[in-house]
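An overview of the molecular structure
Take a look at the letters that make up each chain.
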Amino acid sequence: MKFSLTALLMVPTFALAELPVISDAHIVQPPPGTPVAGGFFTISNPDDEALVITGVSSADVARVELHLSAVVDDVATMEEQEEIVIPAGTALEFKRGSYHVMFIGLETQLAPGDEIEITIESNTGPIEVNLPVVAPGTAPGHHGSDQASTHESAVQHSDDSPGQSH
Ligand SMILES: [Cu+2]
């Protein structure tokens, strides 16, 4: 009896990985007629191993990519990311001007109340996230400086193809 109890208590310390936690997930409603939108959230990695994000997909949108915004020679660009590493015990904020999920080729106008479900592929398995659409300026997790949509329209895609410029 005593032996089996000990064995039972020891199992969780081997089996339990601390799963990533997503907070403040949202999509900022794009201006009318814009076929692209950005998805944002904070992802925390409480585990003692690095979390590696290797892809993203959605049944709701044909093309979804992991992007990192940067300014190169005074020009705002976005580059697709093959993988994003979140070190053990840290959190990464996906936000305007930094990492974001890019929805490309939207066929309908997104409105507050809509929701897009995505699956983030990672080394801990798939992570399902629901991103509610919010009106510009009302995004959760923003502390002050919300730059209006002018930023988005100035952004150029690094692998621009006809009809899909931002
Ligand atoms: Cu982007």
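Thresholds applied
- Residues numbered from 1 in each chain as written.
- Predicted model: local features only at pLDDT ≥ 70, side-chain atom pairs only at ≥ 80, totals over all residues.
- Helix = DSSP H or I, 4+ residues; strand = E, 2+ residues; numbered from the N terminus.
- Buried ≥ 20, exposed ≤ 12 C-beta atoms within 10 Å, placed from the backbone.
- Contact = placed C-beta atoms within 7 Å.
- Core = buried A, V, L, I, M, F, W, Y, C linked by C-beta atoms within 7 Å.
- Pairing = 2+ DSSP bridges.
- pLDDT = per-residue confidence, 0-100.

A few words now on the overall build of the protein. Scanning the protein from terminus to terminus reveals two helices and eleven strands. Across the protein, helices and strands are ordered from the amino to the carboxyl terminus as α-β-β-β-β-β-β-β-β-β-β-α-β. Considering the protein as a whole, with its 166 residues, one finds that 20% of them fall into the buried category. At a minimum sequence separation of 6, the contacts of the protein that also span at least 24 residues come to 66%.

Attention now goes to unusual backbone geometry. Even without being a glycine, D73 presents a positive backbone phi close to 50°. Within the secondary structure, D73 sits in the loop between β4 (63-72) and β5 (75-80). According to the C-beta neighbour criterion, D73 is exposed, with 5 such atoms within 10 Å. The phi dihedral of D74 is positive, around 70°, even though this residue is not glycine. On the secondary structure map, D74 appears in the loop between β4 and β5.

Membership of the largest hydrophobic core comes to 22 residues, with the highest contact counts inside it found for V56, V64, V101, F103, I116 and I118. Per-element tally for this core: the top contributor is strand β2 (residues 36-45), with four residues. When sequence neighbours within four positions are dropped, the list of residues in contact with I116 reads I27, S58, D60, V61, F103 and L131.

The element β2 is largely enclosed, with a buried count of seven among its ten residues. Pairing analysis gives five bridges linking strand β1 (residues 21-28) to β2, with the strands arranged antiparallel. Bridging across to β2, S23 finds its partner in T42. One ladder, built from four bridges, connects β2 with strand β8 (residues 99-104); its direction is antiparallel. Counterpart to G38 in the pairing with β8 is M102. As paired elements, β2 and strand β7 (residues 90-94) share five bridges and run antiparallel to each other. Looking at β7, one finds that N45 is bridged to T90.

Before going further, it helps to spend a moment on the confidence of the model for the protein. Here the protein shows a mean pLDDT of 83. Residues at 70 or above account for 75%. Of all secondary-structure elements in the protein, the lowest mean pLDDT belongs to helix α2 (residues 150-154), at 38, while strand β6 (residues 84-86) reaches the highest, 98. Predicted confidence is poor over residues 143-166, with pLDDT under 50, and the contacts of this stretch with residues over four places away or in other chains come to 27 contacts.

Glancing now at the environment of V36. Locating V36 in the fold gives a position in strand β2. When the 19 C-beta atoms within 10 Å are taken as the criterion, V36 is described as partly exposed. C-alpha separation for the pair V36 and G105, spaced 69 residues apart in sequence, amounts to 6.1 Å.

With that settled, consider the environment of P46. By secondary structure assignment, the location of P46 is in the loop between β2 and β3 (51-57). Judged by the 14 C-beta atoms lying within 10 Å of it, P46 falls in the partly exposed class.

This part is about the pairing of β4. Of the strand pairs in this sheet, β4 and β8 are connected by six bridges, and their pairing is antiparallel. Along β8, the bridge assignment pairs L68 with Y99. Pairing geometry for β4 and β5, over six bridges, is antiparallel. From the neighbouring strand, H67 faces β5, where its bridge partner is E80. Connecting β4 to the antiparallel partner β5 that follows it, the hairpin turn spans two residues, and D73 within it adopts a positive phi of roughly 50°.

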